[in-house]
Each structure stands twice: as C-alpha cells, then as structure tokens.
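# Examining the three-dimensional arrangement
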Amino acid sequence: MIHEQSIREILTSLDNKQYSCRELVDHFIARASDADPNLNAFITDTYASARNEADHMDKLRSNGTAPPLAGIPIAHKDIFCTRGVKTTAGSLMLDNFVAPYDATVVEKLSAAGTISIGKTNMDEFAMGSSNENSHYGPVKNPWSEKAVPGGSSGGSAAAVSARLCVAATGTDTGGSIRQPASMCGITGIKPTYGRISRWGMIAYASSLDQAGPMTKSAEDAAILLNVMAGYDEKDSTSANQTVPDYTQSLNQPLKGLKLGFCKEYFGDGLDPKIETAIQTALRQFEAQGAEIVEVSLPSSKHAIPAYYVIAPAEASANLSRYDGVRYGYRCEDPVDLEDLYKRSRSEGLGDEVKQRIMVGSFALSAGYYDAYYKKAQQIRRLIKNDFAQAFEQVDLIIGPTTPSTAFSLGEKTSDPISMYLQDIYTITSNLAGLPAGSFPVGMEAGLPFGLQIIGNYFDEGRILNLAHQFQLESDWHRLTPEATT
Amino acid sequence: MSRADWEVVIGLEIHTQLKTKSKIFSGSSTAFGAEPNVQASAIDLGLPGVLPVVNKEVYKKAITFGLAVGANINRRSVFDRKNYFYPDSPKGYQITQLDLPIVENGQVTVELPSGGTKTINLTRAHLEEDAGKSLHENFHNQTGIDLNRAGTPLLEIVSEPEMFSSEEAVAYARYIHQLVTYLGVSDGEMSQGSLRCDANVSVRPVGTIELGTRTETKNVNSFKFLEQAIEYEIERQIQVLESGQTVRQETRLYDSVKGETRPMRSKETATDYRYFPEPDLLPVEIDDAYIEAIRLEMPELTGAKSDRFVEQYQLSQPDALSLAANIPLADYFEEVVRSGGDAKLANNWVRVELLAQLNKDNVSIENSPVTADQLGTIITKIADNSISGKIAKTVFEALWRGETKSAADYIEEQGLTQVSDSSSLEPLIDRIISENPKQTEQFRAGKTKLMGFFVGQVMKETQGKANPQQVNEILNEKLK
C-alpha cells in the first residue's frame, strides 16, 4: 500500500514511475476525505492547491529538475503561518486570519518539493496535552475513537498515524510532539532549541517552543529534519551551526554507545507495562552493543511547576497581540477601548488559554516576580546542570515519553493537574533546550506508547540513530490502526 | 512661605530617535511623513509568528553616545518586555531594556545661559522601540492607528535627579540635543518627534535632604514647552504643599495651548508593566574591539575640535567654537583650508559670507551652491593678490547664483584678474596724470584726499582689475 511506504520507498516509486505525484497526492486526499470527518485531524484542507502542486512536481520530475522530496504529501500543524491559507492556532481568535507569509519551516519544506494537503488540528495556541482545547473540536485517536490523540500536535499525530499524509510538522513546548507521537504510535522528534527556525510559528512560550517532524519512522524523521533544520537570520534564537546529514548517522552501529537509565523516570505514576517495554528495549540495545549506565536527574521533580510558571509567563505576553485591534476576532459593537479589549479577548480565547494568561500575568506581577518567575528560572538552570552532568557519563538518556497510554476523551478535562502531569517526562528537555524524540515500543489494550530518547545539544543524529536501529529490529512503528481493527 | 523657601529637584528622561535607515527590529523604513501604515511590515504590525531581529546599527549609535558622555558600555545588555495594552503598541508589549541597559553612568557639563557651568550625571541610556500613533481626528468618531513610527529605534537617556531649576534642565536638554545631533546619533528634528522629554519634578523645603514626591510630565517636545511645563509644575506643587495637601505621584501631560500640566488618566499610571527578559532576543554581547572601532570612527567632539582649530589654524576661541559646534560647517571650513590655504580668510568667508548667504536663501551647508573647493580657489586668488576682496565677492555671488564654470575659469574668462604688472599700469597712470593737470596741481599743493580720485580713475580704466595697493604705490611715486 502506498500509504505504508516510507519516504525513501515513495521517492523510488516516483522515480520508477510506478505512480505519479498526482496519483500519490490523490491517494492521500482520498484517505483524508474519507477518514477526517470522523477523526477531525484537519482544520483546513488544501486539497486544490495540493493537486496543482502535484501536477507541477510531475512536470519537474519529467524534466529532471525536481527538488529532492518532490511530491511527498505532508500536513502542517495549524500553528505555522501559510501564505494565503487560514492559520488559526486552533483558536476562534484567529479563525479569520489568513497569513500573508510562510513560516520558514513551511517555506523550506515547500522548496524541497513536499506538498501540504492541509493544516492540522491542535490545542489552542499549543496549550494542552489532549487536543481537547481546540476551538475546532477534539481530535480522535485513530487507535480508539474514545481516546485522545495527545496534544498539542494531536491533529498531526493522528493524521500520520491514520496514514492520511506521509508526515506532518509539529511543535513542542513541553512535549507537544513527543506525547501525541507516543499516544498515536508514531515517531516524533523535538530538536535542540534553535535547531529549527521559529519564524512564522505562532508563539506560545518563546524560550521553549521548537518545531519538529512527526513521521512513521526515524528514517523519515531524519529526511525531514535535514530540510527543516538550519540557521535563519529572521530568528535571532536560531542556531548558527551547520546541519549534518541526519540520514548518514542512522546506520551507525550501537557498539560502545552509552545509554543513561534515569532512575527518577521509573517511579510512581508510570504504567508498569510501559516500564516493562522500555526494559525490553534496553535489553535489545544491549544486545546491539550499547552499554546501560544509571544516571540521576534529581531536579526533574521541579520541572512541572517551573514549566507552568515560565511557559504561561511568556505566553501572557506573546498572546497580548490578540487584542481585536488589527486582525483576528473582534467583539460586536465595543463601547470603548477597554470593552473592545475585554470582550474580544474573553470571547475570542478559550478557557485553558485564559487560565494560562492569568497564571503568567500573576507570576510576572510586581511583588511575585522573584517568588515565581525568577525561582522558576533558577530551577531551569538546575535542570540544565543535571543534564550536563549526566551527559558527561552517557551519550543518550532513555525513559518513557508518557506515564500512560492515551486517556479517554473528557477524562482529564476537569483535572488540570492530572493533565499537566502528562508532560512530566517531556518537559525537562524543553527547559534545558535539549533534543528529544519518541518512537513506538509497545501496545497496551490496543493503544500504542513510546520510548523517549534525550540527547545532548545538537545530537539529533544520535537520537535518530538509536531509534532507527530499534526500528530495524522491530515492527511497533509499522503497526497501524487499520491493521489492528 | 514663598518660592524661595522651596528647592526644586528635576531629573529628565530624554527619548531620542536614532538616525537609522530602518527600524530597530524590522527592515521597515524610518523616514518621516509617509502615508499611514505604509512603513509597517508584518513585524511592526505584530502579526502572529513574527520575530524581532535587532538592527545592529542601533548598538553603534548607543555606544557612540555612551563614549561621548564618558559612560560605561555594558559588555552584556539584555532586552526586556514591558507589558501594557494600547492600540498603538501592536504586540501588547514594548521591547526595552530594564536591568541591563547598554549604557550606564555618564556625565556631561553644560554651560548655563546665566553664566557658569553645571555637571549632570547620567544614570543610563537604554535602547527601546517607539510606539505607533493613535489618530483621533477626522476618523468619523473612531480612532485611527498609524504604525509607521512603531519600532523606530529610541535611545532613552536618563539623568540623575540633580538639576535644580528649569534653566538647568533646559540647558541640559539643549546640550543633549546638540550632542546627539552632532554625533549623528539622531537627526535632532524636534518637530518630527526626534527628541522628547519626560520631566520628573519635585520640590522640598530648602535645607531638607529627603526628596519630595515627584510627578512625571511626559512627552514634552520643545525646549520652550519643557521650561513652561517645569515652571508650571513647580508652582503647582508649591501651591499644593503650602495649602497643606500632598503631591500625588502621577504621570502628567503638558497642554501647550493652555500652558498647564494635567494628570493622565489614573488607570494608565497604575500599570504594573510585568517586565521580563525578551525571550525572542539573545542578550547583546559587545566586545572591546567593537567599542574601539566605534571610538575610532567617532566624530571629534566639539571641545577637542575647537581646541584643535585654535592650535592648528590660530583662530580665536569663540570663532573656533562656533565652527566646531556645527560639524558640517567645520568640515566645510577644513575643506576650504585644504584647497585654499589661508585659514584666517577661510574662517571669515565661511562664518560671515557663506553663513549669511545660507541663511538668506535658507539653504543647508550640504547643498551650498558654492563648493568648499571653489571657495578655496577664490581665497587662494585673494591671498596671492590675483583678485581683490571686492572682486572675490562678485565671483562668489556669481557662483552662488548658479554660474557653472569653475571659480578659476570664471575669473579668467571675465578678465577679473588684478593688473599688478607695473609695466602696464605705469603708462596708464602717466596718461591719467597728464589728462588731469588741475587735480595733479592741487594734490601736489597738499590736497592728498585727491588720491582717491586718481585711484578711482585707474580702476575705472582697468574695470576694477588693477591691484589697488600697487596703484597707490605708483601714484604716490609719480605724484611726488
């Protein structure tokens, strides 16, 4: 089946004229048209432009001037600005916003020849771990209609998992690529902070936000990361470092690789089945020549409170621009300026977003700044130091991505703390700015779950290498919701 | 109690627009006077997903200013977000510098109009972005927003509260204005908002140490208004205190029509700005080499230039200072000297003739129709007696009016060179003496005033080209 093929296999098929770009794109559009009314993975489809682009790519292929990924159907999380296409960030606030420019990630992937078939659903402004905070309604987990897909990149994860597109873009501020990847049984990587430009990516928490690929396999992730990564003069925080060819490191032997087993990750709250699966994976890595070393990350326990101060603080400022003045949602008949602000924001933003804006405003306000924001930054430094020490002993750190498999829709919506604990294993790498990936290592009660690999700065290649070596020896990443139902 | 019983304490925050082609965080033009919003890019509009990138030119301007006031240049400075909602603030926050400004601890000494000098310490100077403008008029009872100015780079220069009169405050503000203009840090166009003052004013009973409660009068954009606003505040605060009330710490606005200050709405003053470090920008790291390179490129400061002019060109102190205080004029002067030689003549011509013409025709020195090179030629010809001062003025005026020939060619073609050749002057003078026997007789009888008559005759015959000094000499000889 075309939709089970890897990017490399598709490119070969296209080269061999087994099908055209147009046929390829039509295949995925047909799948998406069929499945999405139920899944709700997409907010906006771009089928018409996708077909045109496919025809164009076919022409380029026939005259030998096609870019490297010509014809690969993808989808963009609706947090990336796309010129001429509605870009909502999952919010009523931006329901009428058509971006006048492309995000750098979008621009690079288009230049490489990929074709976007739509914009994927997400938690509003990327705030959420279940995709239930979208103005456009929740996304269903392709593995179970009753389960959430995870969030905030839930639409992208569901679309890739259900094979509605070959790959998708996501963003990760506290786990928003890795957690839904784990819950939907796909591979996702959040690169080092600064590895991928944030230009055109709607900001949630600027010092934590990072884009990344969400794919069926580590190999596909490496191929997309090659395109997405790189310095961008339009983003001062992007890293001015050369981008290696990530596909080159995929096949490095694991012999001598030191893998950190972080004891703090395996305590209360972790589903024992997930722990067992991770132990099994570790045995496999050992068998492939890797060495397991126990490491400690003692400050990890402070990560969630620190994150829920820093991220809302930055968000409180980042979302101030949505004021009803220049674009976006504006309330009906405001009586004066204050009314315009109050009602536009009260009506245009969802509850979780408003809650985080209030938390963040509080944390930054006079008299509380030192107790909250400043203290959270100190914790952030401690977490960084923990990792720096751990990476003196090991090359990669292994742990779970999520405490459990996908929970039920509505299960945690009234319990924010329990919802926030979803990110307990993923948040530390955002706070430290480290790269981390998740790939599927098991199933429980029909739902997939992932293993997380955290790497040192700019060591994405090694993360993908380990995941790829695992995927060469296992089939978890090949399981699809269709095959199981 | 009377005014004499109170001591006034003033500190100024001066916002000066930096003279850069593009904005501080976007590539949009900073030119003044464009149609609303044509100079507002996605970044200036605060669209979703945009990011600021610092225009490096602003570091250079800030450091130039810092060096000129002997300040510390912080090797590491940090941008912060200052959060507040206002329609002309498109992001809902202003990017500024709070805890780690680029410039700290400078000092200036200014001359006071009433005599003497005053030294004022500068607390800091930090970089920030300007806001846009709300337009309340001609909008059918709505408010229009023009974001052309949003993101214009500003350097906010903060003084210590150590000025004790409006005279000192205005003298300081004028000095800063002159300095930033001279350094090319700002264009100094106050009518376009390039320099705006916030005046912090308080009063306390003479002899007390503790500062009184201050008010901040914002956005005063002329020196006259600054003086009026401060004077008004002093009187108002004294009245409040003498009537037994207390001064409220508040932000006020100066109404130049009514000549009074009044409080801004209290809601705007009660804002908690929730500052925190701007996560979209890395800390600004400045190294010594960068600072030294700027120091080398800096224009000579007024004092140093004036001293050099006295030394190098033997100008009087006041002449040197008046040239040095005006960079383009001083540059023009030095160019005239380079191509013309005589500094004393150049000084007179530039400061008197040229300035008079520039003022009369309202032309800037950069657009002078007479180039420094041409004026240099004219002065050379005066110095070597080729032309008289009077002819020189004729030449200068012709060039000013648009004569396109070079000064030398014009003098040559119009035959304006002085006749200094005695072999051609002597026969002419002999003839004039013989043609005017009566006057010759009277002169020889002692009526020496007639010398003017003879010189006039020679000038008439030579159409003014004879060297007057030489004519005098020959006449004196022949009329003996």
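Scope of this entry: the structure provided in the associated data block. (Residues numbered from 1 in each chain as written. Chains lettered and ligands numbered in written order. Predicted model: local features only at pLDDT ≥ 70, side-chain atom pairs only at ≥ 80, totals over all residues. Heavy atoms only, no water.)

## Considering the overall build of chain A
Check the secondary structure of chain A and you find 16 helices and 11 strands. The globule rule puts the C-alpha radius of gyration for 485 residues at 23 Å, and the 21 Å found for chain A is close to it. When the backbone C-alpha atoms are referred to their principal axes, chain A occupies close to 65 × 55 × 45 Å. Across the 485 residues in chain A, those meeting the buried criterion constitute 65%. Here chain A has roughly 16800 Å² of accessible surface; of this, 51% comes from carbon and sulfur atoms. (Helix = DSSP H or I, 4+ residues; strand = E, 2+ residues; numbered from the N terminus. Rg over C-alpha atoms; globule rule 2.2 N^0.38 Å. Buried < 20%, exposed > 50% of the residue type's maximum accessible area, 1.4 Å probe, protein only. Areas by Shrake-Rupley, 256 points an atom, 1.4 Å probe, with all protein chains shown as cover.)

## Quick look at the overall build of chain B
Within chain B, the regular secondary structure consists of 17 helices and 16 strands. In summary, chain B has a C-alpha radius of gyration of 31 Å against a globular reference of 23 Å for 480 residues, an excess of more than 25%. Once the C-alpha set of chain B is aligned to its principal axes, its extents read approximately 100 × 60 × 55 Å. Expressed as a percentage of the 480 residues in chain B, the buried residues total 49%. Partitioning the intrachain contacts of chain B with sequence separation of at least 6 by distance along the chain shows that 69% fall at a separation of at least 24. (Contact = heavy atoms within 4.5 Å.)

## Re the pattern of salt bridges
Counting across every chain of the model gives 54 salt bridges over all chains. Between Glu57 of chain B and Lys61 of chain B there is a salt bridge, and its shortest N-O distance comes to 3.9 Å. Within this pair, Glu57 of chain B and its partner Lys61 of chain B are both found in helix α2 (residues 57-68), separated by 4 residues, close to a single helical turn. In this structure, the salt-bridge partner of Lys305 of chain B is Asp331 of chain B, at a minimum N-O distance of 3.9 Å. Here Lys305 of chain B is found in helix α7 (residues 302-313), whereas its partner Asp331 of chain B is found in helix α9 (residues 327-340), with 26 residues between them in sequence. On the accessibility criterion, Lys305 of chain B (5% relative accessible area) is buried. Shared partners join several salt bridges into a network, and the residues in it are Arg198 and Asp235 of chain A together with Arg81, Glu278 and Asp280 of chain B. (Salt bridge = Lys/Arg side-chain N within 4 Å of Asp/Glu carboxyl O.)

## Examining the pairing of strand β9 (residues 396-400) of chain A
When a strand is regular, its side chains alternate between the sheet's two faces. Residues and elements named next belong to chain A. The buried fraction of β9 amounts to 5 of the 5 residues, a majority that puts the element mostly inside the structure. Of the pairings in the sheet, the one linking strand β7 (residues 258-262) to β9 comprises 3 bridges and is parallel in character. Paired with Gly260 across the strands is Ile397, a residue of β9. In this structure, β9 lies alongside strand β11 (residues 447-455), joined through 5 bridges in antiparallel fashion. Bridging from a neighbouring strand, Ile397 pairs with Ile454 of β11. (Pairing = 2+ DSSP bridges.)

## Here we look at the interface of chain A and chain B
Chain A puts 39 residues into the contact, and the matching count from chain B is 31 residues. Across the interface of chain A and chain B, roughly 2700 Å² is buried in total on both sides, 60% from carbon and sulfur atoms. Among the residues of chain A in contact with chain B, Ser236, Arg321 and Arg326 of chain A are the three that bury the most area, contributing 21% of the side total. There are 1 salt bridge connecting chain A and chain B. The partner of Asp280 of chain B in a salt bridge is Arg198 of chain A, with the nearest N and O atoms 3.1 Å apart. Applying the counting criterion to the chain A and chain B interface returns 16 residue pairs in polar contact (both at pLDDT 80 or more). Among the secondary structure elements, those contributing two or more residues to the side of chain A that touches chain B are α9 (303-318), α10 (337-348) and α11 (351-364) of chain A. (Buried area = accessible area lost by both parts, 1.4 Å probe. Polar contact = N/O pair within 3.5 Å; in protein donor to acceptor, adjacent residues only side chain to side chain.)

## As for the nonpolar core
Of all hydrophobic cores here, the largest spans 154 residues; its most connected members are Phe125, Phe285, Phe387 and Ile397 of chain A. Sorting elements by how many residues they give to this core places α9 of chain A first, with 9 residues. Setting aside residues no more than four positions away along its own chain, Phe125 of chain A makes contact with Ala89, Ser91, Met93, Leu94, Ile202, Tyr204, Leu319, Tyr322, Leu349 and Val353 of chain A. Membership of the second largest hydrophobic core comes to 71 residues, among which are Ile63, Ala71, Phe79 and Tyr93 of chain B. (Core = buried A, V, L, I, M, F, W, Y, C linked by side-chain atoms within 4.5 Å.)

## Considerations on the sheet that holds strand β13 (residues 250-255) of chain B
All names here are of chain B. Spatial strand order, β2-β6-β7-β10-β1-β11-β12-β13-β14: 9 strands in an open sheet with mixed pairing. Looking along the sheet, the strands with just one partner apiece sit at the ends: β2 (72-73) and β14 (260-263). Bridge count between β2 and strand β6 (residues 103-111): 2 bridges; the pairing is antiparallel. Paired with Ile73 across the two strands is Val103, which belongs to β6. Set on the sheet, α2 makes contact with β2, β6, β7 (117-129) and β10 (153-159); between it and β7 the angle comes to about 170°. (Axes fitted to C-alpha atoms, helices over the stretch in contact; angles between N-to-C directions.)

## Quick notes on unusual backbone geometry
Residue and element names in this part refer to chain A. Following Gly151, the chain continues into Ser152 via a peptide bond in cis, with omega recorded as 5°. In this fold, Ser152 is placed in the loop between β3 (115-120) and α5 (154-161). At Ala126, a residue that is not glycine, the phi angle is positive and equals roughly 70°. Given a relative accessible area of 3%, Ala126 falls into the buried group. One non-glycine residue with positive phi stands out, namely Asp333, at about 45°. Along the polypeptide, Asp333 turns up in the loop between α9 and α10.

## With respect to the sheet that holds β9 of chain A
All names here are of chain A. In space, the 11 strands of this open sheet follow the order β1-β3-β2-β4-β6-β5-β10-β11-β9-β7-β8, with mixed pairing throughout. Edge positions in the sheet fall to β1 (42-45) and β8 (291-295), since each has one partner strand and no second. Between one strand axis and the next, the sheet turns by 30° as a mean value, whatever way the strands run. Strands β4 (167-172), β5 (187-190) and β6 (210-215) of the sheet are contacted by helix α7 (residues 218-228), whose axis makes an angle of about 145° with β6.

## Quick word on a nonpolar patch on the surface
Residue and element names in this part refer to chain A. A cluster of nonpolar side chains, contributed by Phe362, Tyr368 and Tyr372, occupies part of the molecular surface with about 280 Å² of accessible area. Within the fold, Tyr372 resides in helix α12 (residues 370-393). Judged by its relative accessible area of 36%, Tyr372 falls in the partly exposed class. (Patch = residues over 30% accessible without salt bridge, like charges linked within 9 Å, V, L, I, M, F, W, Y side chains within 5 Å.)

## A look at the environment of Lys374 of chain A
Along the chain, Lys374 of chain A turns up in helix α12. Sequence separation between Lys374 of chain A and Arg326 of chain A is 48 residues, and the spatial gap between their C-alpha atoms is 33 Å.

## Focus on the packing of aromatic side chains
According to the stated counting rule, one finds 28 aromatic pairs over all chains in the structure shown. Taking the centre distance of 6.1 Å and the plane angle of 70° together, the rings of Tyr273 of chain B and Tyr275 of chain B count as edge-to-face. Look at Tyr275 of chain B and you get partly exposed, because its relative accessible area is 24%. Linked through ring pairs, Phe97, Phe125, Tyr322 and Tyr327 of chain A together constitute an aromatic cluster. Sitting over the face of the ring of Phe407 of chain A, Lys412 of chain A holds its NZ or CZ atom 5.1 Å from the ring centroid. In this arrangement the basic side chain of Lys82 of chain B is found over the ring face of Tyr273 of chain B, its NZ or CZ atom lying 4.3 Å from the centre. (Phe/Tyr/Trp six-rings, centres within 6.5 Å; stacked < 30°, edge-to-face > 60°. Lys NZ or Arg CZ within 6 Å of the ring centre and 35° of its normal.)

## Focus: α12 of chain A
Helix length check: α12 of chain A, at 24 residues, gives a terminal C-alpha distance of 34 Å against a target of 34 Å (1.5 Å per residue), a fit within 8%. Restricting attention to buried positions, one finds in α12 of chain A the residues Tyr373, Ala376, Ile379, Arg380, Ile383, Asp386, Phe387, Ala390 and Phe391 of chain A. (Expected span 1.5 Å × (residues − 1).)

## Comments concerning the packing of α9 of chain A against α11 of chain A
All names here are of chain A. Two numbers describe how α9 lies on α11: the axes approach to 7 Å, and their chain directions differ by 100°. With respect to α11, the axis of α9 lies roughly perpendicular. Of α11, the residues touching α9 (which contributes Tyr308, Val309, Pro312, Ala313 and Ser316) are Arg356, Ile357, Val359, Gly360, Ser361, Ala363 and Leu364. (Parallel < 35°, antiparallel > 145°, perpendicular 65-115°, else oblique.)

## Topic: the packing of helix α10 (residues 343-361) of chain B against helix α11 (residues 372-383) of chain B
Residues and elements named next belong to chain B. Contact geometry for α10 and α11: axes closest at 10 Å, N-to-C directions at 130°. Taken together, α10 and α11 sit at an angle that is classed as oblique. Between α10 and α11 lies a crossing whose hand is right-handed. Touching Leu345, Ala346, Trp349 and Val350 of α10 are Leu375, Ile379, Ile382 and Ala383, all from α11. Across the contact of α10 with α11, the residue classes break down as 8 nonpolar, no polar and no charged. (Left-handed = near helix turned anticlockwise from the far one by under 90°. Nonpolar A, V, L, I, M, F, W, Y, C, P; charged D, E, K, R; others polar.)

## Notes on the side chain of Asp130 of chain B
Residue and element names in this part refer to chain B. Within the secondary structure, Asp130 sits in the loop between β7 and β8 (133-135). Here the side chain of Asp130 touches Arg149 through a polar contact of 3.4 Å, side chain to side chain. In terms of polar contacts, Asp130 uses its side chain to reach the side chain of Arg196, at 3.0 Å. If sequence neighbours within four positions are ignored, Asp130 has contacts with Gln17, Arg149, Ala150, Gly151, Thr152, Leu154 and Arg196.

This is a description of form; function is not addressed.
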